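Coordinate inspection notes
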Amino acid sequence: MARKYIIVGTGAAGLAAAEAIHECDSDGEIVIFGDDSHGFYSRPGVAYYLTRELSERQLSLCQGTGFCRIGVKVTSVHPESHTIIADGKEFDYDMLLLATGSVAVPLTVPGADLKGVVKLDNLEDARNMIKMVRSARDAVVVGGGIIALEMVEGFMARGLKTHYLLRSNRYWPNVLDKEESEIVERRLKEHGVTLHPQTEIARIIGDKGRVAAIETKSGKRIKCQMVGVAVGVQPRIELAKEAGLRTDKGILTDEFLRTGADGIFAAGDAAQVLDAVSGKTSLDTLWGTALVHGRIAGRNMAGDSLTPFKKTLPYNIMRLAGITTTIIGAVGQNEKDNDLVTISRGDSESWRQIPDVLAVQTDYDVNHIRIMLGLHTIEGALLMGDQTLSRPLRELISERIDVTPIVESLRSSGGSMADTLIDFWMARSWTGG
Ligand SMILES: Cc1cc2nc3c(=O)[nH]c(=O)nc-3n(C[C@H](O)[C@H](O)[C@H](O)COP(=O)(O)OP(=O)(O)OC[C@H]3O[C@@H](n4cnc5c(N)ncnc54)[C@H](O)[C@@H]3O)c2cc1C
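The structure reproduced in this document is the subject of the present report. Note that the coordinates shown come from a computational prediction; the quantities given were computed from them, not determined experimentally. (Residues numbered from 1 in each chain as written. Predicted model: local features only at pLDDT ≥ 70, side-chain atom pairs only at ≥ 80, totals over all residues. Heavy atoms only, no water.)

**Re the packing of helix α1 (residues 12-24) against helix α8 (residues 287-302)**
Packed helix pairs are characterised by how far apart their axes lie and by the angle those axes make with each other. How we decide: Comment: axis = line fitted to C-alpha atoms, over the contacting stretch for helices; angle = value between 0 and 180 degrees taken between N-to-C directions. Each helix is a run of DSSP H or I of at least 4 residues and each strand a run of E of at least 2, with the numbering of both proceeding from the N terminus. Left-handed is the label given to a crossing in which the near helix is rotated counterclockwise from the far helix by less than a right angle, and right-handed is the label when the rotation is clockwise. Note on definitions: a residue-residue contact is assigned when non-hydrogen atoms from the two residues lie within 4.5 Å. Amino acids are sorted into nonpolar (Ala, Val, Leu, Ile, Met, Phe, Trp, Tyr, Cys and Pro), charged (Asp, Glu, Lys and Arg) and polar (every other residue, Gly among them).
The N-to-C vectors of α1 and α8 enclose an angle of 35°; their axes lie 7 Å apart at closest approach. As for how α1 packs across α8, the hand of that crossing is right-handed. Only Trp-287, Ala-290, Leu-291, Gly-294, Arg-295, Gly-298, Arg-299, Met-301 and Ala-302 of α8 make contact with α1, whose side of the interface consists of Ala-12, Ala-13, Ala-16, Ala-17, Ala-20, Ile-21 and Cys-24. Each residue belonging to the contact of α1 with α8 can be placed in one class, and the counts come to 12 nonpolar, 2 polar and 2 charged.

Quick look at the structure:
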């Protein structure tokens, strides 16, 4: 008899899992449930839809492998009977994947439920924002990380006068250093954004149920018709929790993405996965990690042997105020980010690790490189602007290449650090090292 697979979630992890299951067990019956009525699309792309750089059609991904129940919410999971309930009906499974993703943490100030307070979790949120900006002139954004900036850029691109409130004294202080925050802030100001550092929202003032202004904790009022909120995300763990599965911040799994309940796996933003090397569990809210989780979970659900998830170097290319920025490995700063109450999207807990290393940096105009230099290896890097060194640095860091021959030169080279790195990397490539 064909094996029955159920996947909850039509995101990157769910899709990748369905494909992996199909490859391993082409006779298996796969049913995917997703409560997002827009089906399969690129979530990172939603921010570019907001800025008009991508159309809705360009966001759409493939139709998915298996039988898809789009717009249908799974309301409960019953591990003892191997069943789930969706749309009031019972479905049985041999193997179940929870790839339920994450949702924005809501703002808890008075007035947060007024019309005009928006978040950016999915395509419907972006559509909602686009509809509302038509009758708005001013917007306020609160929060940190990538999504808050994407909301700022989205409002600007749609012609709104935009205020960005930062609880911290600078942008993204636990990942960016002071100079990098300044580069982003300078760019935002050039684009016309009004920045309010060390400013906390106290309440949102309404008029006939709609946002009319915000008031800061110091009593200042800013007139606005929209408030964008990006104070962090939380994994969607409610199904797992109610089913009695082990949860912490996310759904806890071993290195094979198994939850501990018979036949139930978890993957993507929702999963807090064990790293067998460090013995610690961690959350990543990255598209790339969700794909890898999904592939491995799918293989482990349908294959004959188990593949462990090996935590790879967290890597992301993003745009910060229009500046292409790549973050590789641990680049953390010893500062708290008051703008976020949890991890934000497109984020990795690993970036914030503070390696016991020396930070060396060089920059010219907006091109900026920071490397976290250990005794013999580079532990992390952050590049803003020119991305020529992105691939070499990714290789040097992920393969833990011994850079002893150039350590002194890197420490002292300042402006020529980029040349030193490129020369070293090219010499290695030529010699097949
Ligand atoms: C605006 C935006 C920008 C981003 N930018 C970046 C970036 O630059 N780089 C990067 O790496 N990552 C970025 N991300 C994060 C990235 O998109 C996520 O890490 C990734 O989508 C996670 O995939 P997932 O499959 O785990 O979850 P999701 O994509 O969130 O999918 C989960 C799905 O499960 C469904 N679901 C949940 N519960 C149920 C239920 N009970 N019943 C039925 N369906 C359910 C949800 O509707 C959803 O469709 C961004 C995300 C957003 C929203």
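**A closer look at the side chain of Ser-76**
Note the following rule: Under the rule applied, a polar contact is a pair of N or O atoms within 3.5 Å (in protein, one hydrogen donor and one hydrogen acceptor; residues adjacent in sequence only if both atoms are side-chain atoms).
Tracing the chain through its elements places Ser-76 in strand β4 (residues 74-78). Here His-78 takes part through its side chain, which lies 2.8 Å from a polar atom of the side chain of Ser-76. Here Ser-76 is in contact with Ile-84, Ile-85 and Leu-239, once residues within four sequence places are set aside.

**Details of the packing of helix α9 (residues 390-398) against helix α11 (residues 417-430)**
Applied cut-off: Relative orientations are named as follows: roughly parallel for angles under 35 degrees, roughly antiparallel for angles over 145 degrees, roughly perpendicular for angles from 65 to 115 degrees, and oblique for any other angle.
Between α9 and α11, whose axes approach to 10 Å, the crossing angle comes to 65°. Judged on the interaxial angle alone, α11 and α9 are roughly perpendicular. Once α9 is placed against α11, the crossing between them reads as left-handed. On α11, the residues touching Arg-391, Pro-392, Leu-393, Glu-395 and Leu-396 of α9 are Leu-421, Ile-422, Phe-424, Trp-425 and Arg-428. Residues that form the contact of α9 with α11 fall into these classes: 7 nonpolar, no polar and 3 charged.

**Here's the deal with the packing of aromatic side chains**
Worth spelling out the cut-off: Two aromatic rings from Phe, Tyr or Trp, using only the six-membered ring of Trp, form a pair when their centres are within 6.5 Å; if the ring planes differ by under 30 degrees the pair is stacked, by over 60 it is edge-to-face, and anything between is tilted. Relative accessibility decides the category of a residue: with a 1.4 Å probe and only protein chains considered, values under 20% of the type maximum give buried, values over 50% give exposed, and everything between is partly exposed. Only Lys NZ and Arg CZ are tested; either one counts as a charge over a ring when it is within 6 Å of the ring centre and within 35 degrees of the ring normal.
Overall, the coordinates contain 3 aromatic pairs when judged by the stated rule. For the pair Phe-33 and Phe-91, a centre-to-centre distance of 5.1 Å together with 70° between the ring planes defines the contact as edge-to-face. One end of the pair, Phe-33, is in strand β2 (residues 29-34); the other, Phe-91, is in strand β6 (residues 89-92), and 58 residues separate them in sequence. Residue class for Phe-33 comes out buried when judged on its relative accessible area of 1%. Here the aromatic residues Tyr-164, Tyr-171 and Trp-172 are joined through ring pairs into a cluster of three or more. For Arg-394, the ring lying beneath its charged end belongs to Tyr-315, and the centroid distance is 3.6 Å.

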